[in-house]
Amino acid sequence: MSASASAGNNEAGQGPGESIRMEAKASGGGRVYQAGRDQFIFNLPPLPAAPIRQIVEGDVPQRPRAFQERADLLARLHERVDGHGAAVIDAVTGTPGVGKSLLAASYAWACQRAGWPVIAWITAESEDHIVTGLAALARRLEVAVPEEDAFASAVRARDWLAAADHPVLLVFDNATAVEQVRRWCPATGAAHVLITTRNRAFHSLYDEIGVGVFTPDQAVSFLHQRTRLTGPGAEEVADELGCLPLAVGQAGAYIDRRRMDYPAYVRLLRGYPLDRYLPSQAHDEYPHGTAAAILLSVDQVEQAVPAARDMLELLAVLSEAGIPRTVLYGTTEPDPAATEGIDQLLADLADTSLISFSEDGATVLMHRLTSRVLRERAQHHAGVSGGEAGSHLAKVLGGAVDLLHRFNSHIPDGAATWVARAAVDMLVEQTSALYAVTCGLGDPSEELLSLRAWCGTYLENLADPGRAIPLHEQTLADRERLLGGDHLHTLASRDNLANVCRAAGDLTRAVSLHERNLDAFQRVLGGDHPNTLGCRNNLAYAYQAAGDLGRAIQLFEQNLADRQRVLRAGHPDILTSRNNLALAYADAGDLDRAIPLYERALANQERVLGGDHPDTLTSRSNLALAYADAGDLDQAITLFEQALPIYQRTLGEDHPDTLNCRNNLALTYHAAGDLDRVIPLLERTLADRERVLGDDHPDTLQSRGNLAGAYRDMEKDFGRAIPLMERTLADRERVLGDDHPHTSSSRVNLATAYRAAGDVGRAIPLMEQALAAEGRMLDEDHPDLLTTRNNLAYMYLEVGDPARAIPLYEQVLADFERTLGVDHPQALTCRNNLAGAYQTAGDPARAIPLFDQARTGRERVLGSDHPSTLNTCNNLANAYRAAGDMGRALALYEETLAVCERVLGVDHPLAKIVWDNALATREQANADPP
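From a predicted model like this one, the values you see are computed outputs, not experimental measurements.

Novice: Sorry if this is basic, but what is going on with helix α12 (residues 290-304) here?
Specialist: It helps to recall that an α-helix has 3.6 residues per turn; residues three or four apart then point in one direction. Taking 1.5 Å as the rise per residue, α12 with 15 residues should run 21 Å; its terminal C-alpha atoms sit 22 Å apart, in good agreement. For α12, a buried count of 13 out of 15 residues is recorded, marking the element as mostly surrounded by other parts of the structure.

So this is what it looks like as structure tokens:
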């Protein structure tokens, strides 16, 4: 007598067999002015077979007029390159104004002429500057896309540089912290890295190329070339300025524009009333004559060009790393006709050597000493504007804030921010610089804090919580200190911080911040104010993310009722509340209430917002997920296939929402058993998320776990599945913490994979650990907690311990039926499993009625052709056979086999199992005596 083959009497999750816990997610142009160029001496030999395309990234300074090439220093730099296989790093050091950046730039020009494939100029004042610059390089190298997370893109750029087999140049300009630069230096390859810095701590790690002032001959040569005067007195000018390159440059430009001789300039310099314009302690800190030389040039251009003062002072309070022309235009899409006046003004200022341009002309550069002198003049002396000392600088700062607000008005919010990443980086850099200057003088204005809040929001939109959270934290701290804890702007900042914490997986902190905020909103504005209702919605969402569905549903229900009472019919906030409540119902397994609510929300959003609106797409995806949970896979696949091309068309292939939709479509194919489409789609989604969001982003970790589950379920490839699941669990423990719901989900998945691979010894302790963690963080009736309990009972039964399995199954079934209803798919699965446990324990009298109830329930809910229904039919036939009722067993096997072959095909695993069971039953019936 043959033994019966089983299709899986016990089911750890929904559907036939043990199911993995898969995770779906709801969801500068313009005119360029350039001075004449002088002959250069230093040249690098051209590369053999130089690359066709050369990339020059960053704001490499232009060559100034009468530039003095310091060939001895350049030769020393080049000596470090020859004969080295690893990255060569030099610290170019010196006091302010000696020309550190110009020395690095002159080497960059030589590398450019020699055909080096990549020359990258990275501002290194902070790690944020470094990350932003390297991310831009990654996009130029085409190892990233414009929408990629900045940190992930920066890592890819560094890795590309480390693998380069041709010489490439990487300049970190104005570096401040050794470790910030060190971690971004390529460790191998043919890269030559230059670091310009005033921090002598760099010398302990890297070779030093010290940069001093001009020699007297260099200073005189510069003055002769710049002024075209060879008369007496140049030596005296150089000596008066201490041969400092910055000051000598100012002197040459001034003498040339005023057409004066050298002795006259020395008399002006010595007689300049510095005490009138600068505090005495400030000008004593400058190299000799520098401040006077700068202010002489400033006075001259301000007298000749009326708008020069405003522009110079504006540039002095913005980023010392450079100001893009588009920021000065106040728009991301400037009209050349409207910007001609600004371009002409900048050209006039460049002619005085007070400013310069990057090589491509798109960025305006002002030396840091010049900026400092102008700021201190504006703070110490009100000048032509009158008023108290310091008031003029406040006016300058206010004007800079207004300019950045105009620029900010052209950056789109929400999903559309992804197409404006370059503008966001500009705004963040300029706002951060303005904030630093302002805080050095006093408290920031509310207008500046508003800009900072926008920067944090844009970074959150770009899935960059690493930069968004510190911005929101500081803005909240400033507003609490300046405005008080209950001010509306303070509440908005607290809400912003809570939202980005939730997105980053810090759910405990998110809930705490939202709870504090809701109490304040109700106290300050009342329970019906739109802001209060918005805060209640956000708190409910945080509860839901933390697994507290009871409190989440209660708040969502209250919010929907209040919004329907307070707002006009069809208001977008009502549609959002309806969608959010449906999502919470679906998470709680209450599909009978979720699906009608989703359908109503989707119909209203299509009518009010249109079919392409992001909120409409979210509702369509959420409805598809609910259909999938209810077993209506055809309807779910249709909705996802409708939504995906709209996401691709409106948001782009790499937008996170597009990737979410593709992930969810793949999981629905998985549930439908569509083997040919599942794994390629999941592999593509994982690769795209790694590229766009980075290896540690929660969505990337989700994709990695889902792909591992597909390897396990669809190909039985435990060699690929288990290492991928182990990596996902370790990453989630590190990134999200031990008690995050996603971490627990990874634990469950790995345990089920161990069990499927036959390693129950490792599976059971891991499942017990997952159950303990979920008991700490989830509501007692949370579906995930009940499913984990069901999975653990399944494993107890598999190791022959029905005494522990049956009570656990009985408890889970009672909980599912009480919380989800007797016909919920998970309740039907648990009923099937409990029946299997009774059968394993030798109690067919209790097993058969439960199998029969599970079968009729699945026929009613899922349909008679659904694989789960057919699996239960096979299990019921097994129970009849075990009880000796061969007639009913064989009839049910044959009926089930006919449906399996018609619906699934003769080669489907379930069809083969039922066929084997029917054959064995016939043999047993024929062999038994009548």
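Next comes the rest of the account.
Novice: Would you explain the sheet that holds strand β9 (residues 363-365) in this entry?
Specialist: In any sheet, the strands associate via hydrogen bonds between backbone groups, in a parallel or an antiparallel arrangement. The strand order across the open sheet formed by three strands is β7-β9-β8, and the pairing between neighbours is antiparallel. The open sheet has two edge strands with one neighbour each: β7 (323-324) and β8 (356-357). With two bridges joining them, β8 and β9 adopt antiparallel strand pairing. Of the residues in β9, the one forming a bridge with Phe-357 is Val-364.

Novice: Would you explain the pairing of strand β5 (residues 191-197) in this entry?
Specialist: Along any regular strand the residues' side chains alternate between the sheet's two faces. Burial within β5 is extensive, with seven of its seven residues counted as buried. Residues Ala-191, Val-193, Ile-195 and Thr-197 point to one face of β5 and His-192, Leu-194 and Thr-196 to the other, with burial holding for every one of them. Bridging between strand β4 (residues 168-175) and β5 involves six bridges; their strand directions are parallel. Within β5, the residue paired with Ala-175 across the bridge is Thr-197.

Novice: Sorry if this is basic, but what is going on with the environment of Asn-832 here?
Specialist: Within the secondary structure, Asn-832 is located in helix α37 (residues 825-840). Overall, Asn-832 belongs to the buried group, its relative accessible area being 0%. Taking the C-alpha atoms as reference points, Asn-832 and Leu-876, 44 residues apart in sequence, are found 9.2 Å from one another.

Novice: Any chance you could explain the nonpolar core here in plain terms?
Specialist: Proteins that are soluble and globular tend to have nonpolar side chains buried together. Core analysis: the largest hydrophobic core is formed by 124 residues, its most contacted members being Tyr-598 and Tyr-809. Residues Leu-244, Leu-346, Val-437 and Ile-469 belong to the second largest nonpolar core, which totals 97 residues.

Novice: Teacher, can you tell me more about the packing of aromatic side chains here?
Specialist: Both the distance between ring centres and the angle between the ring planes are used here to describe each pair of aromatic rings. Overall, the coordinates contain four aromatic pairs when judged by the stated rule. Relative to Trp-116, the ring of Tyr-107 lies with its centre 6.2 Å away and its plane at 85°, an arrangement referred to as edge-to-face. Judged by relative accessible area, which is 0%, Tyr-107 ranks as buried. Ring geometry for Tyr-254 against Tyr-265: centres 5.6 Å apart, planes inclined by 55°, an arrangement best described as tilted. Here Tyr-254 is found in helix α8 (residues 245-258), whereas its partner Tyr-265 is found in helix α9 (residues 262-270), with eleven residues between them in sequence. One cation-aromatic arrangement involves Arg-720 over Tyr-711; the distance from NZ or CZ to the ring centre is 3.9 Å.

Novice: Would you take a moment to explain the confidence of the model for the chain for this structure?
Specialist: Taken as a whole, the chain shows an average pLDDT of 82; of its residues, 88% reach a score of 70 or greater. Overall, residues 1-41 carries pLDDT values under 50, and its contacts beyond four positions in sequence, including any with other chains, amount to 160 contacts.

Novice: Please clarify how the side chain of Thr-196 should be interpreted in this entry.
Specialist: With respect to the secondary-structure elements, Thr-196 resides in strand β5. For Thr-196, a relative accessible area of 1% puts it in the buried group. Here Asn-174 takes part through its backbone nitrogen, which lies 2.6 Å from a polar atom of the side chain of Thr-196.

About the thresholds
- Residues numbered from 1 in each chain as written.
- Predicted model: local features only at pLDDT ≥ 70, side-chain atom pairs only at ≥ 80, totals over all residues.
- Heavy atoms only, no water.
- Helix = DSSP H or I, 4+ residues; strand = E, 2+ residues; numbered from the N terminus.
- Expected span 1.5 Å × (residues − 1).
- Buried < 20%, exposed > 50% of the residue type's maximum accessible area, 1.4 Å probe, protein only.
- Pairing = 2+ DSSP bridges.
- Core = buried A, V, L, I, M, F, W, Y, C linked by side-chain atoms within 4.5 Å.
- Phe/Tyr/Trp six-rings, centres within 6.5 Å; stacked < 30°, edge-to-face > 60°.
- Lys NZ or Arg CZ within 6 Å of the ring centre and 35° of its normal.
- pLDDT = per-residue confidence, 0-100.
- Contact = heavy atoms within 4.5 Å.
- Polar contact = N/O pair within 3.5 Å; in protein donor to acceptor, adjacent residues only side chain to side chain.

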